[in-house]
Amino acid sequence: MADLLNDLNPEQLAAVTLPAQHALVLAGAGSGKTRVLTTRIAWLIQTGNASPHSVLGVTFTNKAAREMMTRLSTLVPMSLRGMWVGTFHGLCNRLLRAHHRDAGLPQTFTILDTQDQLAVVKRVMKSMHADEERFPPRQVQYFINDAKEEGRRPSQVEVHDEFTRRYAEYYAAYDELCQKEGTVDFAELLLRSHELLANNQPIREHYQGRFRYLLIDEFQDTNRLQYRWLKLLCGPQAVMFAVGDDDQSIYRFRGANVGNMTDFERDFQVKNLIRLEQNYRSHGNILKAANTLIASNRNRLGKNLWTEAGDGEPLRVFEARSDIEEAAWLVEEVQALVREGHARRDIAVLYRSNAQSRVVEHALFSAGISYRVYGGLRFFERLEVKHALAYLRLAANPADDAALLRVVNFPTRGIGARAMEMLQDTAAAARCSLWDAIPKVAGKAGGSLAGFARLIESLRSEAAGLPLPEVVELVLHKSGLVAHYKAEREGADRVENLEELVNAAAAFVQEEGLAGAPAYVLDAEPLESNEFQSAAGVAASTGSPDDVGDGVGRNEVGNIGVAAGATPPGDDPATEFQDPLAAFLAHASLESGENQAGEGSDAVQMMTAHSAKGLEFHNVFITGLEEGLFPHENSLNEDEGLEEERRLMYVAITRARTRLYLSFAQSRMLHGQTRYNVASRFFDELPRNLMKWLTPTLARSQRDADPWSGSASAPAPRQASQSAQAMPFRVGQNVSHAKFGAGIIVDAEGSGSDARVRINFGGAHGLKWLALEYAKLTAG
DNA sequence: AATCCGTCTATTTTT
DNA sequence: TAGACGGATT
């Protein structure tokens, strides 16, 4: 126990040992957030406050969930089975599998990823003869997801005009098709389990009674529905421990609602607001830069990072004439760093948009420096892997229309558009799945389709009873996928990926403790279909606890399970309600897999500022710091957009441990055109005295020469560094003014009677220059 | 059934 | 600029 709390700073310690009350932890970048979260759980368990059974840990990414579990298992000696730690979607999946009947879903429901969802939308719209010019399927998809994230079913969508009317129609048809086919998209996982809890009192009370400690990571990234889901799960005896950083909220565009933080404070009457401001990552100058920059944002809860480490080096700023020159300079600096003994993996190149990577890649490649670009296609999203998964889905459930459509003629087996049209008409007429319609199709088309049906049948029977990796192996070969790609000129990588899928299955089975178990058995559980025709039906047909009686033991798993007519919820991994094959398919949808191989290699790391969140590097380059690019032009219309860009820049800056380079180019090739940009406004929002300009003269006659360069290139530099000494205040410091209230120092210059500071008071007062001679300022 | 060609588009991303 | 997509061609 003493070990557990060792080396925690006072704020961390306070957060970890907080009494059982709702709490909001404002965790700055590099402040030991994950440590606090995991130590909190370990402390709750070790002090006997909580059993693992009563803990629910929620994260956004599988990576974060895994890290939490790994760290916990080193902190807590006892078994952590029974603890629920996972992503929102993973946990919802688990709830819905356990209570599929109450949720109106078949136990074997399949999860649609973004691509799959778009394919279903297109299929729906085709069947409705929609004008895809006027109503782009992609837009319809966004519309559906937005609606779901606001908790709205098709009937609840507000219809203003023809467009929203059509969109709502497509949404309704889409939901109906998903219900018929037993598929669930990502947003649906959330919405459906929210409805399950909202409408089914026994189930809700069961989980509310069980989970006494809810701990949420990256709270600033939650969307409205996720917050409502948490509220529903957090019963009267439960406490919520939310950790987040409003300054690192960079996902507004995908529905994240920072407002959830203040809503949480209000809704739960949070008395414990803890700020973790001590930073263990970066040198002082980097933190000062970050603090100063973010102080220009008005909508903040307020926070100021500090460190016990020294100031370190200044920020190095480079102005290039072109993107190519910028890349060439970067390569030189990288080479110098490597010569100095830095590992390439400890150098990161960050940029605002993916298109910017090309020039840098080209330059690094020509210089023979190995690099790794984050982003792009993930393992389970690859075409060949998707095909293989579709065959597996058909093995699990031949009535999976989407899977059938994907591979019925891949590899090609003479089933063309005519045959498929007949099949779809037949299925529509008989109101059955495509699979069930195959025997009803006559003629030549029927013949080729029957051949496909025989293939799937024999696949199913041969694979039945085999362990999962062998099933995958069998599917790859019997389907003809491997042969197909082997015959293709550029197919080597694809064959490799297919073989990798066998490994992935083996690893999965190993991790879940299912090695050797049959992947599935034939006719295990009859697929119960469509008890509910639409999602609305869930509300209508559940939620009546009449048959339960009042005496339901709230904490007793068995009772509730029987009463609610569901499989009793248990403690085991997500596989508890499914056979290994179904679990693996869910896993493939919920965890898209690693981005790329070569993670271990010593390569320069290239990524967008977004994907850098949560990471740290000794040396960081932030490139393309130009107006229109970063901040991005599409964000400049509203304040909210600009503030989010600034937060993104804040995230980027705080990735650096010791050295930070900032660069921009006067001209850049974008969309096949040369664009001429000016330096990003963010340069004006950073303290001048912290920046060392590597390019003294180019187009910045307005700027002051900096005190960091040995030979002053401008005649009479303002002496920022000296004034910093004579100045009783420093940039980044919190101060308070009699009239304007609390603020933060954003800039400082002059000395003696000339000394003045620029303060951001936020709110109505905003930014102000104040002369120290007159203004009465107090620290803090 | 594969290939070619013109057209369109272009911020950020996890599940 | 370059990749993706859809339609038309061979």
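Fair warning: this is a prediction, and the values are worked out from it, not measured in the lab.

J.: Sorry if this is basic, but what is going on with the overall build of chain A here?
T.: For chain A, the count of helices and strands is 30 helices and 21 strands. Taking all 780 residues of chain A together, the buried fraction comes to 55%. Taking the intrachain contacts of chain A between residues at least 6 apart in sequence as the baseline, contacts between residues at least 24 apart amount to 75%. Total accessible area on chain A stands at roughly 33,500 Å², and carbon and sulfur atoms take up 49% of it.

J.: I keep staring at the pairing of strand β15 (residues 673–676) and nothing clicks. Help me out?
T.: Successive residues of a regular strand alternate their side chains across the two faces of the sheet. Note: strand β14 (residues 656–670) against β15, 4 bridges, orientation antiparallel. When the bridges of β15 are listed, Leu670 appears paired with Gln673. Following β14, the chain reverses through 2 residues before pairing antiparallel with β15; His671 in that reversal takes a positive phi of roughly 55 degrees.

J.: Help me understand helix α21 (residues 443–463) in this model?
T.: Along an α-helix, residues three or four apart share an orientation, since each turn contains 3.6 residues. Between the first and last C-alpha of α21 there are 30 Å, a value that for 21 residues agrees with the 30 Å anticipated at 1.5 Å per step. The complete set of buried residues in α21 reads Ala445, Gly446, Ser448, Leu449, Phe452, Ala453, Leu455, Ile456, Leu459, Arg460 and Ala463. Residues of α21 that are buried in the fold lie against α17 (383–396), α18 (401–407), α19 (417–430), α20 (434–437) and α22 (468–478).

J.: What's the story with the sheet that holds strand β3 (residues 84–87) in this structure? I'm lost.
T.: What holds strands together in a sheet is hydrogen bonding between their backbones, with the strands either parallel or antiparallel. Spatially, β3-β2-β6-β7-β1-β8 is the arrangement adopted by the 6 strands of the open sheet, whose pairing is parallel. Only two strands of the sheet have a single partner each, and these edge strands are β3 and β8 (272–276). Taking each pair of neighbouring strands and ignoring which way they run, the sheet shows an average axis angle of 15 degrees. Two elements, strand β1 (residues 23–27) and strand β7 (residues 239–244), share 4 bridges in a ladder whose sense is parallel. Each residue of the ladder has a partner; that of Leu24, found in β7, is Ala242. Packed onto the sheet, helix α5 (residues 88–98) meets β2 (55–59), β3 and β6 (213–216) and runs at close to 120 degrees relative to β3.

J.: Whenever I open this one, the packing of aromatic side chains confuses me. Can you help?
T.: Each aromatic ring pair is summarised here by two numbers: the centre-to-centre distance and the angle between the ring planes. Applying the stated rule across the entire model yields 25 aromatic pairs. Judged by centre distance (5.0 Å) and plane angle (85 degrees), the rings of Phe143 and Tyr167 are edge-to-face. One end of the pair, Phe143, is in helix α8 (residues 137–149); the other, Tyr167, is in helix α9 (residues 162–181), with 24 residues separating them in the sequence. Here Phe143 falls in the buried class, since its relative accessible area comes to 18%. Ring geometry for Phe380 versus Phe584: centroids 6.3 Å apart, planes at 75 degrees, classification edge-to-face. Of this pair, Phe380 sits in the loop between β11 (371–373) and α17 while Phe584 is found in helix α27 (residues 580–590), placing the two residues 204 residues apart along the sequence. Neither residue differs from the other here; Phe380 and Phe584 are each classed as buried. Among the aromatic residues, those joined into a cluster by ring pairs are Phe135, Phe143, Phe163, Tyr167 and Tyr170. Between Arg372 and the ring centre of Tyr374, over which it is positioned, the NZ or CZ distance is 4.3 Å.

J.: What should I look at first to understand the packing of helix α12 (residues 224–233) against helix α13 (residues 259–267) in this one?
T.: In contact at an axis separation of 11 Å, α12 and α13 are set at 25 degrees when each is read in the N-to-C sense. Comparing their axes, α13 and α12 come out roughly parallel. Where α12 crosses over α13, the handedness of that crossing is right-handed. Contacts from Arg224, Tyr227 and Lys231 of α12 reach α13 at Asn260, Asp263, Phe264 and Asp267.

J.: For this particular structure, what's the right way to read the protein's contact with DNA strand B?
T.: Surrounding DNA strand B, one finds 26 residues, the nearest of these being Asn62, Thr114, Arg352, Asn354 and Thr608. A breakdown of the atoms of DNA strand B within 4 Å of the protein gives sugar and phosphate a share of 55%. The backbone of Asn62 places a nitrogen or oxygen atom 2.8 Å from a phosphate oxygen of DNA strand B. Residue Asn409 places a side-chain N or O atom 3.1 Å away from a phosphate oxygen belonging to DNA strand B. Broken down by class, the residue content of the surface near DNA strand B amounts to 5 nonpolar, 17 polar and 4 charged.

J.: Please clarify how the protein's contact with DNA strand C should be interpreted in this entry.
T.: By nearness alone, every residue bordering DNA strand C is listed as Lys122, Arg358, His671 and Gly672. Backbone atoms, meaning sugar and phosphate, form 36% of the atoms of DNA strand C found within 4 Å of the protein. Note that a phosphate oxygen of DNA strand C is positioned 2.7 Å from one of the side-chain N or O atoms of Arg358. When grouped by side-chain class, the residues that make up the surface near DNA strand C number no nonpolar, 2 polar and 2 charged.

J.: Sorry, what's going on with the pattern of salt bridges here?
T.: What the rule picks out here adds up to 47 salt bridges. A salt bridge links Arg192 to Glu188; the shortest N-O distance between them is 2.8 Å. Here Arg192 pairs with Glu188, and both are found in helix α10 (residues 186–199), just 4 residues apart, close to one helical turn. Judged by relative accessible area, which is 4%, Arg192 ranks as buried. Each of Lys148, Arg153, Asp175, Asp185, Glu188, Arg192 and Glu195 takes part in one network of salt bridges that share partners.

J.: For this particular structure, what's the right way to read helix α3 (residues 33–46)?
T.: The end-to-end C-alpha distance of α3, which contains 14 residues, comes to 20 Å, matching closely the 20 Å that a straight helix rising 1.5 Å per residue would cover. Taken across its 14 residues, α3 has 10 buried, putting it largely inside the fold. Gly48 sits one or two residues past α3 and shows a positive phi near 80 degrees.

J.: What is the right way to look at a negative patch on the surface in this model?
T.: Where like charges cluster on the molecular surface, the negative patch consists of Glu470, Glu473, Glu488, Glu490, Asp493, Glu496, Glu499 and Glu500. Breaking the negative patch down by element, the ones donating at least two residues are α22 and α24 (492–511). The element best represented in the negative patch is α24, accounting for 4 residues. Looking at the element boundaries, Glu490 is found in the loop between α23 (481–487) and α24.

J.: Explain the nonpolar core here, please?
T.: A general feature of soluble globular proteins is that nonpolar side chains tend to end up buried together. Leu404, Phe452 and Phe584 are the most contacted members of the largest nonpolar core, which totals 58 residues. Each residue touching Phe452, except ones within four places of it in the same chain, is listed here: Tyr391, Leu394, Leu404, Val407, Val408, Arg413, Ile415 and Ile438.

J.: Is there a simple way to think about the side chain of Arg123 in this case?
T.: Its place among the elements puts Arg123 in helix α7 (residues 114–127). Of the polar contacts made by the side chain of Arg123, one reaches the side chain of Glu181; its length is 3.1 Å. Residues in contact with Arg123, not counting those within four places in the same chain, are Leu177, Glu181, Asp401, Ala402 and Leu405.

J.: Honestly, the packing of α17 against α27 in this entry has me stumped. Any pointers?
T.: Describing two packed helices takes the angle between their axes plus the distance from one axis to the other. Running from N to C, α17 and α27 cross one another at 145 degrees; their axes reach a closest spacing of 10 Å. Taken as a pair, α17 and α27 cross one another with a handedness that is left-handed. On α27, the residues that touch Leu389, Leu392, Arg393, Ala395 and Ala396 of α17 are Leu581, Phe584, Leu585 and Ala588. Here the residues of the contact of α17 with α27 are counted per class, giving 8 nonpolar, no polar and 1 charged.

J.: Explain unusual backbone geometry to me, please; I cannot follow it from the model alone.
T.: Most of the time, phi is negative for any residue but glycine, and the peptide bond is trans. Cis geometry is found at the peptide bond from Phe410 to Pro411, where omega equals -5 degrees. Tracing the backbone through its elements, the reader meets Pro411 in the loop between α18 and α19. Unlike most non-glycine residues, Asp7 shows phi in positive territory, near 65 degrees. With respect to the helices and strands, Asp7 occurs in the loop between α1 (2–5) and α2 (10–16). One non-glycine residue, Glu218, lies in the positive phi region at around 50 degrees. Among the secondary structure elements, Glu218 is positioned in the loop between β6 and α12. On the basis of relative accessibility, which here comes to 17%, the residue Glu218 falls in the buried class.

Rules behind the numbers
Residues numbered from 1 in each chain as written. Chains lettered and ligands numbered in written order. Predicted model: local features only at pLDDT ≥ 70, side-chain atom pairs only at ≥ 80, totals over all residues. Heavy atoms only, no water. Helix = DSSP H or I, 4+ residues; strand = E, 2+ residues; numbered from the N terminus. Buried < 20%, exposed > 50% of the residue type's maximum accessible area, 1.4 Å probe, protein only. Contact = heavy atoms within 4.5 Å. Areas by Shrake-Rupley, 256 points an atom, 1.4 Å probe, with all protein chains shown as cover. Pairing = 2+ DSSP bridges. Expected span 1.5 Å × (residues − 1). Axes fitted to C-alpha atoms, helices over the stretch in contact; angles between N-to-C directions. Phe/Tyr/Trp six-rings, centres within 6.5 Å; stacked < 30°, edge-to-face > 60°. Lys NZ or Arg CZ within 6 Å of the ring centre and 35° of its normal. Parallel < 35°, antiparallel > 145°, perpendicular 65-115°, else oblique. Left-handed = near helix turned anticlockwise from the far one by under 90°. Near = heavy atom within 4 Å. Polar contact = N/O pair within 3.5 Å; in protein donor to acceptor, adjacent residues only side chain to side chain. Nonpolar A, V, L, I, M, F, W, Y, C, P; charged D, E, K, R; others polar. Salt bridge = Lys/Arg side-chain N within 4 Å of Asp/Glu carboxyl O. Patch = residues over 30% accessible without salt bridge, like charges linked within 9 Å, V, L, I, M, F, W, Y side chains within 5 Å. Lys, Arg positive; Asp, Glu negative; His and termini not counted. Charge placed at Lys NZ, Arg CZ, Asp CG, Glu CD. Core = buried A, V, L, I, M, F, W, Y, C linked by side-chain atoms within 4.5 Å.

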